[in-house]
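Residues per chain are reported as follows:
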Amino acid sequence: MPKERNTDDLFGKVSDGELPPADSPLPTLLSDIPRERFPRHIAVIMDGNGRWAQRQGLPRIDGHRRGVESVRRTSEECTRLGMEQLTLYCLSSENWKRPQQEIDFLMHLLEQYMIEERTTIMENNLRVRMIGRREDIPDQVLKELDKTVELSSTNDGMWLNLAINYGGRRELVDAIQKIAADVASGQQSVEAISEQTVSENLYTAGLDDPDLLVRTAGEMRISNFLLWQISYAEIWVTEACWPEFDEAALHQAIASFAGRNRKFGGLN
Ligand code: IPE
Ligand code: IPE
Ligand code: MG
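Once a new chain begins, its residue numbering starts again from 1 and follows that chain's sequence as written. Labels are handed out in written order, letters beginning with A for the chains and numbers beginning with 1 for the ligands. The predicted nature of this model means local features are confined to residues of pLDDT at least 70 and side-chain atom pairs, given and counted, to a pLDDT of 80 or more, with totals for whole chains, interfaces and linings taken over all residues. Side-chain measures were taken over the full set of non-hydrogen atoms in the model, leaving aside hydrogen atoms and water.

1. Quick notes on the site of ligand 1
Residues are labelled near a given molecule or strand when at least one of their non-hydrogen atoms is within 4 Å of it. Near ligand 1, the surroundings consist of Met46, Asp47, Gly48, Asn49, Gly50, Arg51, Arg60, His64, Cys90, Asn95, Arg98 and Glu102. N or O atoms closer than or at 3.5 Å make up a polar contact, with two conditions inside protein: a donor-capable atom paired with an acceptor-capable one, and, for residues adjacent in sequence, both atoms drawn from side chains. Measuring from an oxygen atom of ligand 1, one finds a side-chain N or O atom of Arg60 at 2.8 Å. At 2.6 Å from an oxygen atom of ligand 1 is found a side-chain nitrogen or oxygen belonging to Arg98. With residues, only the protein chains shown are counted as cover, and all accessible areas are computed by Shrake-Rupley using a 1.4 Å probe. Burial of ligand 1 by the protein amounts to 87% of the accessible area it has alone, namely 380 Å². Sorting the residues of the shell around ligand 1 by element identifies helix H2 (49-55) and helix H3 (60-80) as the ones contributing at least two each. Secondary structure elements are taken from DSSP: a helix is a run of H or I of four residues or more, a strand is a run of E of two residues or more, and numbering for both begins at the N terminus.

The structure is reproduced here in C-alpha cells:
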C-alpha cells in the first residue's frame, strides 16, 4: 500500500542512509578484480526518480527525496572503493521545463543536501565542485553550495562533481566564446587551438574525463551530459531507477567496466 503523505511534509528532512563500515573488505563481486582495472572516474545520469515514485503510488518529489539517499550511498561507496572522481548529473539545463513545484522542490533538496551533508563530506575528505551555469539557481542554494565547495577545497580525497544547471551543448558554446574572446584579444592564436585548449575551457577544466558512464532507469541516451568528455567512456545502463541504485548495482557496473576491452580506436 502506498504510504499516506501529509503535504506539510513536502519539504521534510531527507532521512539518513546506512553507511558501510569504513574498514569493510572489498565486496565479493570485486574481490578478484585488480584495482587498476577499476574506473578512476565514474559519471552518473541519475534518472528515474519520478518513475520510481509513481510505481509506488507516491508523488514524483518523493522519488527525488529518495534519490538523495542514493547519492549518499553511492558517494560513500565510491570513496570506500578508492575512486578518484564521481560526477553526478543533478539538474540539466533542460530540466527547468518541469512544473515550478518540482523545480522548487529540487532546489530545496539541493540546499538541504549542501547543509546536511557538509559534515559527512568533510569526514570523507571529499572535494566538491559544481559544474554548470550559476544563472537561474536561487541565491540561497548557491550560498550553501559555495560554502561546501569552499570548505571542502582543502580536502584531497575523491572529487564529487555536481552537474547542476548543466548542459553539454551550452558548455561547448561557453568554451567557444571564451576561446574566441582570447583569439580576439590576441592571447590565443587560431592555429594553436587544440583539444587541450577546448578541455581547458570547459566547466570541467582540470578534471579527468569519465572512464565509466552509468545511466539508471533504462534510457539509452546521453541527455546532453558531458558531450565532449565521454567520447571514450564505457557506458553501463541499468533498468533500476536511481532511488533503487545501491552498492550491489555500483559493483556490477564496476565489474562490467573491468571486463571491457578499451581500445581507443587502436587494436588492443
Ligand atoms: C532524475 O529523475 C532526476 C532529475 C532529472 C532531476 P527524473 O525526475 O527524470 O525521473 P523520471 O525520468 O521522470 O522517472
Ligand atoms: C537527465 O535526465 C538529467 C538528469 C539526470 C539530471 P532527464 O530525465 O532530464 O532526461 P530525459 O528528459 O529523459 O532525456
Ligand atoms: Mg528522467
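Having put the structure on the table, let's press on.
2. Section: the site of ligand 2
Close to ligand 2 lie Ile45, Met46, Asp47, Tyr89, Cys90, Leu91, Ser92, Asn95, Arg98, Arg215, Arg221 and Ser223, which account for all nearby residues. Arg215 is positioned with one of its side-chain polar atoms (N or O) 3.5 Å from an oxygen atom of ligand 2. Contact distances for ligand 2 include 2.8 Å between an oxygen atom and a side-chain N or O atom of Arg221. In isolation ligand 2 offers 390 Å² of accessible surface; the protein chains occlude 79% of this area. Side-chain classes are defined by residue name, with Ala, Val, Leu, Ile, Met, Phe, Trp, Tyr, Cys and Pro counting as nonpolar, Asp, Glu, Lys and Arg as charged, and the others, Gly among them, as polar. Across the shell around ligand 2, the residue classes tally to five nonpolar, three polar and four charged.

3. A look at the pairing of strand E6 (residues 234-237)
Strand residues, when the strand is regular, have side chains that alternate between the two faces of the sheet. Going residue by residue along E6, you find Glu234 and Trp236 tucked away on one face and Ile235 and Val237 left uncovered on the opposite face. As defined by bridge partners, strand E5 (residues 212-215) adjoins E6 across four bridges and the pair is classed as parallel. Residue pairing in the sheet places Leu213 in a bridge with Ile235 of E6. Three exposure classes are used, based on accessible area relative to the maximum for each residue type with a 1.4 Å probe and protein chains only: buried under 20%, partly exposed in between, and exposed over 50%. The criterion for strand pairing is that DSSP finds at least two bridges linking the strands in question.

4. A look at the packing of aromatic side chains
Here is the rule: rings of Phe, Tyr and Trp (six-membered ring for Trp) pair when centre to centre is within 6.5 Å. Planes less than 30 degrees apart are stacked, more than 60 are edge-to-face, and the remainder are tilted. Counted according to the given criterion, the structure contains six aromatic pairs. For the ring pair Tyr166 and Phe225, a centre distance of 5.9 Å and an interplane angle of 90 degrees mean the geometry is edge-to-face. With Tyr166 in the loop between strand E4 (159-163) and helix H7 (168-184) and Phe225 in the loop between E5 and E6, this residue pair connects regions lying 59 residues apart in the sequence. Within the aromatic cluster, the residues linked to one another by ring pairs are Tyr89, Tyr166, Tyr203 and Phe225.

5. What about helix H6 (residues 139-152)?
Between the first and last residue of a helix there are one fewer steps than residues, each counted as 1.5 Å, and that sum is the expected span. The end-to-end C-alpha distance of H6, which contains 14 residues, comes to 20 Å, matching closely the 20 Å that a straight helix rising 1.5 Å per residue would cover. Listing the buried residues of H6 in full gives Val141, Leu142, Glu144, Leu145, Thr148 and Ser152. Looking straight down H6, one finds that the buried residues subtend no more than 165 degrees of arc, so they occupy a single side. Across H6 from its buried face, at more than 90 degrees, point the exposed residues Asp139, Lys143 and Glu150. In this description, contact between two residues means that some pair of their heavy atoms is separated by no more than 4.5 Å. On its buried face, H6 is in contact with helix H4 (100-116), helix H5 (118-123) and strand E3 (127-131). By construction, the arc corresponds to the directions joining the helix axis to the C-beta atoms.

6. Considerations on the packing of H3 against helix H9 (residues 247-258)
Only C-alpha atoms enter the line fits that serve as axes; for helices the fit covers just the stretch in contact. Angles between N-to-C directions range over 0 to 180 degrees. It is the contact of H3 with H9, at a shortest axis distance of 10 Å, that shows an interaxial angle of 50 degrees. Taken together, the axes of H3 and H9 lie oblique to each other. Between H3 and H9 the crossing geometry is right-handed. Every residue of H9 that contacts H3 at Arg73, Thr74, Glu77 and Cys78 is listed here: Glu247, Leu250 and His251. Oblique is the label for any angle not under 35 degrees, not over 145, and not in the 65 to 115 range, which are roughly parallel, roughly antiparallel and roughly perpendicular in turn. Handedness of a helix crossing follows the sense of rotation of the near helix relative to the far helix, less than a right angle counterclockwise being left-handed and clockwise being right-handed.

7. Re the pattern of salt bridges
Should a side-chain nitrogen of Lys or Arg be within 4 Å of a carboxyl oxygen of Asp or Glu, the pair is scored as a salt bridge. Under the criterion given, the structure shown has 21 salt bridges. Among the ionic pairs, Arg133 bridges to Asp174, the shortest N-O distance being 2.5 Å. Of this pair, Arg133 sits in the loop between E3 and H6 while Asp174 sits in helix H7, placing them 41 residues apart in sequence. By relative accessible area, Arg133 is classed as partly exposed at 22%. Ionic pairing is found between Glu144 and Lys143, a salt bridge with its closest N-O pair at 4.0 Å. Residue Glu144 is classed as buried on the basis of its relative accessible area of 8%. Residue Lys143 is classed as exposed on the basis of its relative accessible area of 52%.

8. Notes on the UniProt feature "binding site: Mg(2+)" (unreviewed entry) in the chain
Taken from the UniProt record, the annotation "binding site: Mg(2+)" (unreviewed entry) applies to Asp47 and Glu234. Among all residues touching Asp47, those that are not within four sequence positions of it are Arg215, Thr216, Ala217, Glu219, Cys241 and Trp242. Secondary-structure assignment places Glu234 in strand E6. UniProt positions are given in the numbering used here, feature names are shortened, and annotations may be inferred rather than shown by experiment.

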